[in-house]
Amino acid sequence: MRDALVAAAFRLFLERGYEQTTIDDIVALAGVGRRSFFRYFPAKEGVVFPDHERCLAEMTAFLDAGGRDADPVRRVCDAARTVLRMYAENPAFSVQRYHLTKKVPGLRAYELAVVWRYERALAGYLRTRFADGPDGTLRADVIAAAVVAAHNNALRGWLRSDGEGDANATVDHALRHVQTAFGSPPAPHEPPASPAPPTPITSPVAPAVASAEGGQDVVVVVARRGAPLWRVVQQVESALGGDPGAAGTW
């Protein structure tokens, strides 16, 4: 009955428009009473987003099942994929809903409220994981917002393409940015992944010129992080005898 109500609603939305379709119209087409409609949906907006309550419950359960040993940033990124799976289960319906939501301001507001609930669930989990660290609440809220933003950016791109392409790969790519930016640092006993070698250089920029095979000069520039670009260019030009053209195109 729930699926019949959703199918009837979207058929009418496409034929008449969302605003022009009433709940009475939907139940009449579905062949049920108003009481049956409200058994499944609190309002007309609910029939447009029929699976979000289930998805939010699944995501929350997934977060709750994560032990203290789990990487919290990876955990919330994996939790966001629960939402993606819901959209990918029925691409045609998801694309149809996306285009409808773009046209109806009330549905956009409803969708924002739903997204906020997902974000609060992610942030709530992260707050418990970061409670003992500095700025735990701030860090949790920022990461939760980043996960939602990355997920939604990729998801909307997939929906704009009418569900073409690999939605999982698109979202994975976006969420990797979040994991790279906010992922847990190595444990204290672990060496850094890419240790930076010490440098005795005291000047901001130090060029060295060596002869390569064939008699051409090769310029190697070692610069401090944050050295201004004009300073680097100046030193390269000086090493090449003051000829800016010899440095090539930046």
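Residues numbered from 1 in each chain as written. Predicted model: local features only at pLDDT ≥ 70, side-chain atom pairs only at ≥ 80, totals over all residues. Heavy atoms only, no water.

A. Region of interest: the packing of helix α1 (residues 2-16) against helix α2 (residues 23-30). Between α1 and α2, the least distance of the axes is 8 Å, while the angle of their chain directions is 120°. As summarised for this structure, α1 and α2 are arranged oblique, according to the angle between their axes. The interaxial crossing formed by α1 with α2 has right-handed handedness. Here α1 contributes Ala4, Leu5, Ala8, Ala9, Arg11, Leu12, Phe13 and Arg16 to the contact with α2, which in turn contributes Asp25, Ile26, Val27, Leu29 and Ala30. Residues belonging to the contact of α1 with α2 are distributed by class as follows: 10 nonpolar, no polar and three charged. (Axes fitted to C-alpha atoms, helices over the stretch in contact; angles between N-to-C directions. Helix = DSSP H or I, 4+ residues; strand = E, 2+ residues; numbered from the N terminus. Parallel < 35°, antiparallel > 145°, perpendicular 65-115°, else oblique. Left-handed = near helix turned anticlockwise from the far one by under 90°. Contact = heavy atoms within 4.5 Å. Nonpolar A, V, L, I, M, F, W, Y, C, P; charged D, E, K, R; others polar.)

B. Layout of the pattern of salt bridges. Under the definition given, this model contains 14 salt bridges. One salt bridge connects Asp24 with Arg34, and the closest N-O pair in it is separated by 2.8 Å. Highlighted residues: Asp24 in helix α2 and Arg34 in helix α3 (residues 34-40), separated in sequence by 10 residues. Exposure remark for Arg34: the relative accessible area of 40% places this residue in the partly exposed category. (Salt bridge = Lys/Arg side-chain N within 4 Å of Asp/Glu carboxyl O. Buried < 20%, exposed > 50% of the residue type's maximum accessible area, 1.4 Å probe, protein only.)

C. Looking closely at the nonpolar core. Of all hydrophobic cores here, the largest spans 39 residues; its most connected members are Met59, Val76, Leu122, Leu126 and Val147. Going through the elements one at a time, α5 (52-64), α6 (72-89), α7 (91-103), α8 (105-129), α9 (136-160) and α10 (167-182) are the ones with two or more residues in this core. If we ignore the near neighbours within four places in the chain, the residues touching Leu122 are Met59, Leu63, Val76, Ala79, Ala144, Val147 and Val148. Counting residues in each nonpolar core, the second largest holds 20 residues, with Ala9, Tyr18, Phe41 and Val47 among its members. (Core = buried A, V, L, I, M, F, W, Y, C linked by side-chain atoms within 4.5 Å.)

D. Seen up close, the packing of α8 against α9. At a minimum axis separation of 8 Å, α8 and α9 run at an interaxial angle of 140°. When the axes of α8 and α9 are compared, the pair comes out oblique. Here the hand of the crossing between α8 and α9 comes out right-handed. Contacts between α8 and α9 pair Val115, Glu119, Arg120, Leu122, Ala123, Leu126 and Arg127 from the former with Thr137, Ala140, Asp141, Ile143, Ala144, Ala145, Val147, Val148 and Asn152 from the latter. Among the residues forming the contact of α8 with α9, the class breakdown is 10 nonpolar, two polar and four charged.

E. Seen up close, α9. Compared with an ideal rise of 1.5 Å per residue, which puts 25 residues at 36 Å, α9 spans 36 Å between its outermost C-alpha atoms and is within 8% of the ideal. Positive backbone phi, at 60°, marks Asp162, one or two positions downstream of α9. (Expected span 1.5 Å × (residues − 1).)

F. Examining the environment of Phe93 more closely. Within the secondary structure, Phe93 is located in helix α7. Separated by 86 residues in sequence, Phe93 and Ala7 have C-alpha atoms that sit 9.5 Å apart. What Phe93 contacts, discounting residues up to four positions off in sequence, is Val6, Phe10, Val48 and Pro50.

G. The environment of Arg139, seen in detail. Along the polypeptide, Arg139 turns up in helix α9. Sequence separation between Arg139 and Leu126 is 13 residues; the distance between their C-alpha atoms is 8.2 Å. Excluding its chain neighbours within four sequence positions, the residues that come into contact with Arg139 are Phe130 and Phe182.

H. Layout of the packing of aromatic side chains. One pass over the structure, following the stated rule, counts seven aromatic pairs. Seen from their ring centres, Phe10 and Phe93 are 4.7 Å apart, and the 65° between their planes marks the pair as edge-to-face. Of this pair, Phe10 sits in helix α1 while Phe93 sits in helix α7, placing them 83 residues apart in sequence. An identical accessibility class is assigned to Phe10 and Phe93; each is buried. Look at Phe37 and Phe41: their rings are 5.5 Å apart centre to centre, the planes differ by 55°, and that puts the pair in the tilted class. No difference in accessibility class separates Phe37 from Phe41, as the two residues are buried. Members of the aromatic cluster, each reached through a chain of ring pairs, are Phe10, Phe13, Tyr18 and Phe93. Its guanidinium or amino end placed over the ring of Phe62, Arg75 lies 3.8 Å from that ring's centre, counting from NZ or CZ. (Phe/Tyr/Trp six-rings, centres within 6.5 Å; stacked < 30°, edge-to-face > 60°. Lys NZ or Arg CZ within 6 Å of the ring centre and 35° of its normal.)

I. Seen up close, the side chain of His151. By secondary structure assignment, the location of His151 is in helix α9. Contacts of His151, omitting those with residues within four sequence positions, involve Ala80, Val83, Leu84, Val171 and Leu175.

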